[in-house]
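Coordinate analysis (summary)
The primary structure of each chain is shown beneath.
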Amino acid sequence: MIKYNVKPAKDMTIDELIGQVIMVGLPYDYLDDDYKMFIKDYKIGNYILFARNYQDTLQMQKFMAKLYKNAINVTGSFPLVSIDQEGGMVVRLFKDVTFPASPLTTSATNIDDAPFKTGKIIGKDMLKLGINLNLAPCLEINEDLKNPLVNVRGYGANKEIVLNNAKKFVKGLRESGALSCIKHFPGAGSSTKDSHLELPIIDDPKESLLNYNMYPFLNLIESDALMSSHCIYKAFDEYPSTLSKVLLTDCLRNQHKFNGLIISDGMEMKAIADHYGIGNGTVMALNAGCDILLLCHQYEEQKEALDAVKEAVLNGIISIDLLKEKVERINQAKLKVIDGLTKYFNCNYQVEKEEHQLMQEIVDNSYTWVLGKKPYLTDNTLIIASNAKVATIVEDEFDDRNLVKSLQSNFNNKVLAFRKDLDCINEILNESTNYNNIIIYSYDAYNDEVQKEVINRLLSLNKDVFVISIKGPIDMPYFKGLKNYGCLYEYTPNSIRTIVKQLKGKIDFNGKLPM
């Protein structure tokens with residue numbers, strides 16, 4: 001039986017204090033001896049999990065039980081264990097759990113309170129496995145639903161849709177007993193640069209940022225935690241938000257009275273590592289106002305950050321009182337999750353059939369018809385489809401995601417698959433001459449020349465061509481002469497089942513664009 005101890009900051013050593021403010025990623029799906037020694041030497045108290053750490057629910061329960069016991073033994077406190085379980089394309093738990101709908105799906109569906117219901121299911125699934133902090137939801141506003149970095153991770157195209165649905169998701173997590181973390185403050189919806197790879201700079205005026213990008217954050221102050229972005233907001237500061245005392249302390253803490261945890265995005269991302277250095281950036285972030293810093297992947301980078309903080313404390317650059325203040329805030333967050341862990345952790349995990357069915361219904365009822373005639377299937381219909389390839393660093397590969405195979409197994413129609421090679425273009429166009437009815441499922445075609453070329457060539461012909469984008473309407477502006485168009489908001493096992501159901505006439509298009 002796990003005892004959910006929380007050691008007061010006043011009783012901690014310097015090493016124990018430092019070990020609480022650095023949240024590390026683990027390399028395997030078990031606690032290996034090298035990392036057990038690393039945790040012991042540096043008194044590491046909190047962890048972030050990725051898909052690499054997960055096989056199935058049984059493995060995860062055993063892994064987390066060992067991790068908790070080790071953390072309590074080493075630090076005197078049970079750990080915060082975090083994960084990005086946003087839903088849809090960004091999930092780390094995907095096997096033997098209820099597969100959660102994407103944020104944009106929950107905004108588009110006609111199922112009442114879908115964001116709340118999704119948040120509550122996610123929170124319960126997490127707590128059953130010992131995971132207590134969800135690094136979600138995303139509060140970026142996806143203007144006109146055209147930003148590829150936000151896309152289906154966000155809740156919609158205007159600030160009120162984003163705020164209202166994010167609030168519901170946070171409420172669902174809270175009712176389950178898990179913690180939420182709104183991200184990425186103060187909002188990166190107007191940037192198309194990825195801070196994993198470069199340092200984005202946003203030139204929007206201060207008034208615009210306050211009334212638009214920052215609006216959902218400043219109206220969801222009750223969230224348990226908040227994650228900073230690595231973008232520079234020139235109207236506020238010359239430093240990225242993660243390193244900005246102006247944004248994190250002056251604006252967020254002092255002016256807007258945010259009392260939750262401030263957590264950095266990954267400190268090894270190039271926006272920080274290439275421009276400020278991991279060690280120096282870590283020290284700057286703590287002094288700017290971050291309570292917890294994410295070091296997600298490499299042991300050397302994690303050690304560099306921990307050593308840099310220790311040196312800064314010994315040299316008076318970071319005060320011990322400041323560390324204690326941060327750790328007490330972390331402790332308050334830990335106290336919030338004890339009831340949920342006590343209720344759910346180490347129970348016999350099973351997917352609840354009703355919750356699984358509800359998630360499928362949410363996706364089914366998000367299917368949106370935007371333009372023209374709805375697709376119909378005849379014996380002489382050609383189907384062309386994409387199989388998903390991860391498009392951004394945060395997305396996941398997971399099992400059972402092959403639309404082409406599913407269509408081939410369910411229908412006798414000819415089903416062709418998009419490929420990346422140019423030969424694919426002529427092969428599909430040549431085959432299409434035999435058909436007057438063509439249904440096309442695009443996936444990130446905005447970034448795929450083969451898909452764009454094939455679809456636009458087919459649209460120029462005198463045929464019934466129906467185009468469905470699987471990952472939101474982001475592809476729509478790239479198609480010329482579009483007459484019949486619809487979309488889903490995720491490429492997941494649930495959405496594949498939705499596509500099959502629609503073609504079989506079992507469901508209709510009940511969703512709406514979240515604009």
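Presented here is a report on the structure given in the accompanying data block. The structure displayed is predicted, hence computed values, not measured ones. (Residues numbered from 1 in each chain as written. Predicted model: local features only at pLDDT ≥ 70, side-chain atom pairs only at ≥ 80, totals over all residues. Heavy atoms only, no water.)

1. Comments concerning the packing of helix α2 (residues 33–42) against helix α12 (residues 299–314)
Counted only if it meets this: Each axis is a line fitted through C-alpha atoms, and for a helix only the stretch in contact is used; angles between axes span 0 to 180 degrees, taken between their N-to-C directions. Counting from the N terminus, the helices are the DSSP runs of H or I reaching at least four residues and the strands are the DSSP runs of E reaching at least two. For classification purposes, an angle smaller than 35 degrees is called roughly parallel, one larger than 145 roughly antiparallel, one from 65 to 115 roughly perpendicular, and anything else oblique. Should any heavy atoms of two residues lie within 4.5 Å, those residues are considered in contact. Residues were grouped as follows: Ala, Val, Leu, Ile, Met, Phe, Trp, Tyr, Cys and Pro as nonpolar; Asp, Glu, Lys and Arg as charged; and all remaining residues, including Gly, as polar.
Interhelical geometry of α2 versus α12 gives an angle of 5° and a closest axis separation of 12 Å. Taken together, the axis directions place α2 and α12 in an arrangement best described as roughly parallel. When α2 is examined against α12, the residues Y35, F38 and Y42 are found in contact with a partner set consisting of Y299, Q302, K303, L306 and D307. Broken down by class, the residue content of the contact of α2 with α12 amounts to five nonpolar, one polar and two charged.

2. Quick notes on the sheet that holds strand β3 (residues 81–83)
What counts here: Whether two strands pair depends on DSSP finding at least two bridges between them.
Strand order in the closed barrel formed by eight strands is β1-β2-β3-β4-β5-β7-β9-β10, with parallel pairing between adjacent strands. With two bridges joining them, β3 and strand β4 (residues 133–134) adopt parallel strand pairing. Along β4, the bridge assignment pairs I83 with N134.

3. Side note on the packing of aromatic side chains
Rule in force here: Within 6.5 Å between ring centres, the rings of Phe, Tyr and Trp (the latter by its six-membered ring) count as paired, and their orientation is classed by plane angle as stacked under 30 degrees, edge-to-face over 60, tilted in between. Cation placement over rings: the criterion is NZ of Lys or CZ of Arg within 6 Å of the ring centroid and within 35° of the ring normal.
If you walk through the whole model with that rule in mind, you get 17 aromatic pairs. Put simply, the rings of Y4, Y68, F78 and F345 pair up and form one aromatic cluster. Positioned above the aromatic ring of Y215 is the side chain of K159, whose terminal nitrogen or guanidinium carbon lies 4.3 Å from the ring centre. It is K504 that lies over the ring of F411; its NZ or CZ is 6.0 Å from the centre.

4. Remarks on the environment of F411
Examined against the element boundaries, F411 turns out to sit in the loop between α15 (403–410) and β13 (415–417). Residue contacts for F411: discarding those within four places in its chain leaves L377, V500, L503 and K504.

5. Brief notes about unusual backbone geometry
Trans is the common state for peptide bonds, and a negative phi is the common state for residues other than glycine. With omega at 10°, the peptide bond leading from A136 into P137 counts as cis. Within the secondary structure, P137 sits in the loop between β4 and α6 (159–176). Cis peptide bonds are those with omega within 30 degrees of zero, and the linkage from K183 to H184 qualifies with 0°. Assignment of secondary structure puts H184 in strand β5 (residues 179–185). Unusually for a residue other than glycine, N151 sits at a positive phi of about 40°.

6. Digging into the side chain of S469
We apply this condition: Categorising residues by exposure relies on relative accessible area from a 1.4 Å probe, with only protein chains included: less than 20% of the type maximum marks a residue as buried, more than 50% marks it as exposed, and the intermediate range marks it as partly exposed. Polar contacts here mean pairs of N or O atoms no more than 3.5 Å apart (in protein, one a potential hydrogen donor and the other a potential acceptor; neighbouring residues in sequence count only if both atoms are side-chain atoms).
With respect to the helices and strands, S469 occurs in strand β15 (residues 464–469). On the basis of relative accessibility, which here comes to 0%, the residue S469 falls in the buried class. Separated by 2.9 Å, the side chains of S469 and S442 make a polar contact.

7. Considering helix α5 (residues 114–128)
Stated formally: The length a helix should cover is 1.5 Å for every residue beyond the first.
Across its 15 residues, α5 extends 21 Å between first and last C-alpha, which sits within 8% of the 21 Å expected from 1.5 Å per residue. Remark: G130 follows α5 within two positions and exhibits a positive phi of approximately 90°.

8. A few points about the packing of helix α1 (residues 14–21) against α12
Keep this limit in mind: Crossing handedness follows the turn of the near helix against the far one: under a right angle anticlockwise gives a left-handed crossing, and clockwise gives a right-handed one.
Remark: α1 packs on α12, axes separated minimally by 10 Å, with the N-to-C direction vectors making an angle of 135°. Here α12 runs oblique to α1, going by the angle between their axes. Two packed elements cross with a definite hand, and for α1 against α12 that hand is right-handed. Where α1 abuts α12, its residues I14, D15 and I18 lie against L306, V309, K310 and V313. Looking at the contact of α1 with α12, its residues break down into five nonpolar, no polar and two charged.

9. Section: the nonpolar core
Condition: As used here, the term nonpolar core means buried Ala, Val, Leu, Ile, Met, Phe, Trp, Tyr and Cys residues forming a set that is joined through side-chain atoms within 4.5 Å.
Of all hydrophobic cores here, the largest spans 117 residues; its most connected members are M64, Y68, L93, F185, I263 and I318. Excluding anything up to four places from it in sequence, Y68 contacts I2, Y4, F78, P79, V81, G130, N132, L341 and F345. Ranked by size, the runner-up nonpolar core spans 61 residues in total, among them M89, L382, L429 and V465.

10. Notes on the sheet that holds strand β16 (residues 485–487)
With mixed pairing, six strands are arranged side by side in an open sheet as β11-β16-β15-β14-β12-β13. Each having just a single partner strand, β11 (368–371) and β13 make up the two edges of the open sheet. Shown here is a sheet whose adjacent strand axes are inclined to one another by a mean of 20°, direction ignored. With three bridges connecting them, strand β12 (residues 381–385) and β13 associate as parallel partners. Each residue of the ladder has a partner; that of I383, found in β13, is V415.

11. Observations regarding the pairing of strand β1 (residues 22–25)
Both faces of β1 are covered, namely the face carrying I22 and V24 and the face carrying M23 and G25. Strand direction decides the pairing type here: β1 and strand β10 (residues 292–295), joined by three bridges, are parallel. What sits directly across from M23, in β10, is L294. Examined bridge by bridge, β1 and strand β2 (residues 46–49) share three bridges and lie parallel to one another. Within the sheet, the bridge partner assigned to G25 lies in β2 and is I48.

12. Observations concerning the state of the cysteines
The cut-off we apply is this: By convention in this document, the label disulfide applies to cysteine sulfur atom pairs within 2.5 Å.
Here the structure, examined in full by the defined rule, presents zero disulfides. For C251, which is in no disulfide, the shortest distance to another cysteine sulfur is to C290 and amounts to 14 Å. Judged by its relative accessible area of 4%, C251 is buried.

13. A few points about the pattern of salt bridges
Side chains carrying opposite charge are able to pair once their charged atoms draw close together. As a reminder, the rule being used: Just to be clear on terms, a salt bridge is a Lys or Arg side-chain nitrogen sitting within 4 Å of an Asp or Glu carboxyl oxygen.
Per the stated rule, a full pass over the model turns up 28 salt bridges. Here K310 makes a salt bridge to D15, at a shortest N to O gap of 2.9 Å. Of the two residues, K310 sits in helix α12 while D15 sits in helix α1, which places them 295 residues apart along the sequence. A relative accessible area of 30% places D15 in the partly exposed class. Its salt-bridge partner being D224, residue R174 comes within 3.5 Å of it at the nearest N-O pair. Separated by 50 residues along the polypeptide, R174 in helix α6 and D224 in the loop between α8 (215–218) and β7 (225–228) bring together distant segments of the chain. Look at R174 and you get partly exposed, because its relative accessible area is 38%. Assessed through its relative accessible area of 6%, D224 is described here as buried. A cluster of three or more residues bridged by salt bridges with shared partners is formed by D84, E86, R92, R153 and K183.

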